[in-house]
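# Chains, contacts and geometry: an overview
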Amino acid sequence: MGRRLWDGHDSNPSERRFVLAKPNTFSLDGTPLMHGYFSPADWVVIFAYLGGIIGLGVWFGKDQRNTRDYFLGSRNIPWWGIGVSIVAAETSALTIIGVPAIAYGSNILFIQMIVGYVIARIILAVVMVPHYLSGEIYSPYQLLEQHLGLGPRRLAGALFLFLETMAAGVRVYVACIPIRLMLGDQLCSFGGLVDPIFGAIVLFVGLSLLYTYIGGVKAVIWTDAVQFGLFLAGGLFALFFIPTLVTGGWSAAMAQAGAAGKLAWLNTDFTFSAPFNIWMGVIGGTVLVLSTHGAEQLIVQRVLACGSVRDGRKALALSAVLIFPLFLIFLLVGVMLWVFYQAHPFQIPLPESRPGIKSNDFIFPIFMMTEVPHILKGFLIVAILSAAMSSISSAITALASVSTMDFVKPLVGGRDEAFYLRWSRYSTVFWALALVFTAWLTREVQFVLNAAFSLRGLTSGALLGALILALFWRRVGPRAAMAGMIMSVLVMNVIYWPPNIPSLQGWWTRTFGAEIFWPWFTLIGTCVTLGVAWIVRSVWPERTVAAASAM
């Protein structure tokens, strides 16, 4: 593979890092060109995947006649396809890359969060699915209008559109950083026409848009199912392949990891700050997923595509079965990578820390490029690409659905289905462009990785709290509900931003201590929503919901 050269780091000979003296391995500015490690067979695998996914989306697009087909998939998609799609939608390239990086840098304590992810799905299957499938609705925010009035519905929809655009843009940007490194600056810049990271963003948002525009949610769900299989297979391959490169195999690797504390999975200390603990998982993780899977369109749109309450419950149950082993696999991949690199040098040096991205996030891609045989290497890269495209297409269709069905259709009214179907497709293009713009702006943010996990928490509590009010305390009225939602967003911004702005970090630490960790964001936001709504209802009650909603 080329002659190895010492990179000059001499503080400890046993820790020396090596790079490959290989033609075209680095660009003029020193950026590693990982595509130099691809063979023609790897490129065949990658392009076959991209062509196949787009072709699959086009195939499902032939049946789109109205918004019911476009946003609900005609409600004839099998429950198991929807269940797999739920897991794929919440798994981005950041997960495939970032979860192993968490375990590589520390341990597998993150698995405690998945306990809450499972509990929440069971609660949603029992409590929420009957509400979603009792009639034909296109978003959970329609329930707010039914029980609280038009104002809460529009406010919830607006919060989702704004924050999902930001959060999805962050995910796109983070995913495109390793994609740029893997494909190389020449390809991502379209031959030097644009900035490489911008080209990577346009490339993958554009590819995801192709099948989303044509096929709607049905195309998204079925391509998600295929993509889930690909990145699950990639994770399993890595988990069992890495120990074959370690002296002593699997048992020796696990023993070394255990001795170093890399397999620690339980922390019973209760804290509001890092590291992860079991209380964050059981309490914070449960409430978090009650919001993301119960009050946010990104996941709820899949449940709404089920044909019956029974199918909706089975889809959520399947996602509960799949989510735990999926995250465990990628955490253990991170552990195996740590064991491997204790005895092997990096053949591509870890890049310097970028804004919001730690060097550890490049470990798995570097391993794929330098240690995995050709063809299999192509399949592992496809695993990352599939996770990236799945998260992009899910965000686009969710944003298009809310903007069309919660805002445009109630305002325009009286038009035929052909008009709304055309508008739905136009809106997918608009939101794809919005994601490109947001992802491009994200390059200026210095805490993008933390933002990827935290931004959704700014509104998740407001949305979950509003849904609880609509279903279980309808007498509160729209005014109190909206006051609670607005105050929740304000409070969460106060909690999130100061510790992440360099000029305010010192003040925050001196005044409040450690930063509040993102698993608690949804619980805090929900409590604020419910508490403020109760106070407003007590101090300034509304006579009737109907009268107030007409204001």
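Residues numbered from 1 in each chain as written. Predicted model: local features only at pLDDT ≥ 70, side-chain atom pairs only at ≥ 80, totals over all residues. Heavy atoms only, no water.

### Structural notes on the side chain of S139
Note the following rule: Note on conventions: DSSP H or I runs of at least 4 residues are helices, E runs of at least 2 residues are strands, and numbering of each starts at the N terminus. Whether two residues touch is decided by their heavy atoms; if any such pair falls within 4.5 Å, the residues are in contact.
Its location among the elements puts S139 in the loop between α6 (129-132) and α7 (141-147). Dropping the residues within four chain positions of it, S139 is found in contact with Q297, L304, V402 and D406.

### What about unusual backbone geometry?
Between A274 and the following residue, P275, the backbone shows a cis peptide bond with an omega angle of 5°. Assignment of secondary structure puts P275 in the loop between α11 (249-259) and α12 (278-292). One non-glycine residue, R75, adopts positive backbone phi at about 55°. Locating R75 in the fold gives a position in the loop between α2 (67-72) and α3 (79-89).

### Topic: the environment of V129
Applied cut-off: Partly exposed residues are those whose accessible area sits between 20% and 50% of the maximum for their type, while under 20% is buried and over 50% is exposed, using a 1.4 Å probe and protein chains only.
In this structure, V129 sits in helix α6. Residue V129 is classed as buried on the basis of its relative accessible area of 1%. The spatial distance from the C-alpha of V129 to the C-alpha of G312 is 6.3 Å, given a sequence separation of 183 residues. In this structure, V129 is in contact with L124, V303, V309, G312, R313 and L316, ignoring residues within four places of it in sequence.

### Some thoughts on the packing of aromatic side chains
Operational definition: Between 30 and 60 degrees the pair is tilted, below 30 it is stacked and above 60 it is edge-to-face, where a pair is any two Phe, Tyr or Trp rings, Trp via its six-membered ring, whose centres lie within 6.5 Å.
Enumeration over the complete set of coordinates arrives at 30 aromatic pairs. Judged by centre distance (6.1 Å) and plane angle (75°), the ring pair of F276 and W518 falls under edge-to-face. Linking F276 in the loop between α11 and α12 with W518 in the loop between α21 (502-512) and α22 (521-539), this pair joins segments that are 242 residues apart in sequence. The interplanar angle of 65° and the centroid separation of 5.9 Å between the aromatic rings of F517 and W518 together place this pair among those described as edge-to-face. The residues F517 and W518 share a single accessibility class, namely buried.

### Description of the packing of helix α20 (residues 478-496) against α22
A packed helix pair is summarised by two numbers, namely the angle formed by the two axes and the spacing between the axes. As a reminder, the rule being used: In this analysis an axis means a line fitted to C-alpha atoms, helices contributing only their contacting stretch, and an angle means the value between N-to-C directions, from 0 to 180 degrees. Working definition: roughly parallel below 35 degrees, roughly antiparallel above 145 degrees, roughly perpendicular at 65 to 115 degrees, and oblique for all remaining angles. In this scheme the handedness of a crossing depends on how the near helix is turned from the far one: anticlockwise by less than a right angle means left-handed, clockwise means right-handed. Three residue categories are used. Nonpolar comprises Ala, Val, Leu, Ile, Met, Phe, Trp, Tyr, Cys and Pro, charged comprises Asp, Glu, Lys and Arg, and polar comprises the others, including Gly.
Viewed as axis vectors pointing N to C, α20 and α22 meet at an angle of 140°, and their least axial separation amounts to 7 Å. In terms of orientation, α20 and α22 fall into the oblique class. For the pair α20 and α22, the crossing hand works out as right-handed. Together, A480, A481, A483, G484, M485, M487, S488, V491, M492, I495 and Y496 of α20 and F521, I524, G525, V528, T529, V532, A533, V536 and R537 of α22 make up the contact between the two elements. Taken together, the residues that form the contact of α20 with α22 break down as 15 nonpolar, four polar and one charged.

### Structural notes on the confidence of the model for the protein chain
Defined as follows: The quantity known as pLDDT measures the predictor's confidence residue by residue, on a range of 0 to 100.
The predicted model of the protein chain has a mean per-residue pLDDT of 84, with 87% of residues at 70 or higher. Scored below 50 in pLDDT, residues 1-32 shows 56 contacts in the model against residues more than four places distant or in partner chains. Residue range residues 544-551 is modelled with pLDDT below 50. Its contacts to residues more than four positions away, or to other chains, number 12 contacts.

### Points about the nonpolar core
As a reminder, the rule being used: Side-chain atoms within 4.5 Å link the members of a nonpolar core, which is a set of buried Ala, Val, Leu, Ile, Met, Phe, Trp, Tyr and Cys residues.
F110, Y117, Y132, I201, L337, Y341 and W518 are the most contacted members of the largest nonpolar core, which totals 180 residues. Examining the composition of this core, we find that 19 residues originate from one element, helix α8 (residues 150-183), more than from any other. Aside from chain neighbours lying at most four places away, what touches F110 is I102, Y117, F276, F327, L331 and W518.

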